Amino acid sequence: MIARTNQLTRTSRLEARISPDMLSVVKRAAEIQGRSVSDFVVSAAQEAAQRTVEETAIIRLSIEDQLALAEAILNPPEPNEALRKAADAYKRLVVESR
């Protein structure tokens, strides 16, 4: 769970326009949780942002894809011509320039 942001550390402002109906819903939700509208909105935005960031860091694979990945790691194929050329280019551009 994400900790509440301390009021004293807030230094930036965020503004948004919402419909009167949506504002009523947000006010009611904030009231239910015993929070200010501002605190409720900031917390909800922070949770959604964190969830979005975390979701991009997780790779989800089907069982078949998991098995294929494990197989490729445990028994990698021999490098093809394109991979050999890429390795040579890497050595020329990166390793030798150090």
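The rules behind the values
Residues numbered from 1 in each chain as written. Predicted model: local features only at pLDDT ≥ 70, side-chain atom pairs only at ≥ 80, totals over all residues. Heavy atoms only, no water. Helix = DSSP H or I, 4+ residues; strand = E, 2+ residues; numbered from the N terminus. Rg over C-alpha atoms; globule rule 2.2 N^0.38 Å. Buried < 20%, exposed > 50% of the residue type's maximum accessible area, 1.4 Å probe, protein only. 1 Å grid on protein atoms, 1.4 Å probe; cavity = no way out; pocket = protein on both sides within 12 Å on 5 of 7 lines; lining within 4 Å. Points joined across faces, edges and corners; volume = space filled by probe spheres on them. Salt bridge = Lys/Arg side-chain N within 4 Å of Asp/Glu carboxyl O. Patch = residues over 30% accessible without salt bridge, like charges linked within 9 Å, V, L, I, M, F, W, Y side chains within 5 Å. Areas by Shrake-Rupley, 256 points an atom, 1.4 Å probe, with all protein chains shown as cover. Axes fitted to C-alpha atoms, helices over the stretch in contact; angles between N-to-C directions. Parallel < 35°, antiparallel > 145°, perpendicular 65-115°, else oblique. Contact = heavy atoms within 4.5 Å. Expected span 1.5 Å × (residues − 1). Polar contact = N/O pair within 3.5 Å; in protein donor to acceptor, adjacent residues only side chain to side chain. pLDDT = per-residue confidence, 0-100.

What about the overall build of the protein?
When you go through the protein residue by residue, the secondary structure sums to four helices and zero strands. For 98 residues, the compact-globule estimate of 2.2 N^0.38 gives 13 Å, and the protein exceeds it by more than 25% at 25 Å. Principal-axis analysis of the C-alpha atoms places the extent of the protein at approximately 65 × 40 × 25 Å. Looking at the protein as a whole, 6% of its 98 residues qualify as buried.

A word on the layout of surface pockets
In this model, the largest pocket occupies a volume close to 510 Å³. Lining of the largest pocket is provided by 14 residues; of these, Leu14, Glu15, Ser38, Val41 and Val42 occupy positions nearest its centre. Going through the elements one at a time, helix 1 (20–33) and helix 2 (37–57) are the ones with two or more residues in the lining of the largest pocket.

Examining the pattern of salt bridges
Under the definition given, this model contains four salt bridges. For Glu15, the salt bridge is made with Arg13, and the minimal N-O distance between the two is 3.5 Å. A salt bridge links Glu31 to Arg28; the shortest N-O distance between them is 2.7 Å. Highlighted residues: Glu31 and Arg28, both in helix 1, separated by three residues, approximately one helical turn.

Section: a nonpolar patch on the surface
A contiguous nonpolar surface patch, about 450 Å² in accessible area, is contributed by Ile18, Met22, Leu23, Val25, Val37 and Val41. Breaking the nonpolar patch down by element, the ones donating at least two residues are helix 1 and helix 2. Looking at which element gives the most residues to the nonpolar patch, the answer is helix 1, with three residues. Here Val25 shows up in helix 1.

Focus on the packing of helix 1 against helix 2
At a closest axis distance of 9 Å, the pairing of helix 1 and helix 2 adopts a crossing angle of 95°. Here helix 2 runs roughly perpendicular to helix 1, going by the angle between their axes. Residues Val26, Lys27, Ala29, Ala30 and Gln33 of helix 1 pack against Val37, Phe40 and Val41 of helix 2.

Digging into the environment of Ala30
Residue position: Ala30 is located in helix 1. With eleven residues separating them in the primary sequence, Ala30 and Val41 have C-alpha atoms 8.2 Å apart. In this view, Ala30 contacts Arg35, Ser36, Val37 and Phe40; residues no more than four positions away in its chain are not counted.

Concerning helix 4 (residues 81–95)
If you check helix 4, its first and last C-alpha atoms are 20 Å apart, about what 15 residues at 1.5 Å a residue would give, namely 21 Å. Between the side-chain oxygen of the N-cap and the backbone nitrogen of Ala82 there are 3.3 Å, and the N-cap of helix 4 in question is Asn80.

Considering the confidence of the model for the protein
For the protein, the mean per-residue pLDDT works out to 90, and 92% of the residues sit at or above 70. Looking over the protein, one finds the lowest element-wise mean pLDDT in helix 4, namely 93, and the highest in helix 1, namely 97.

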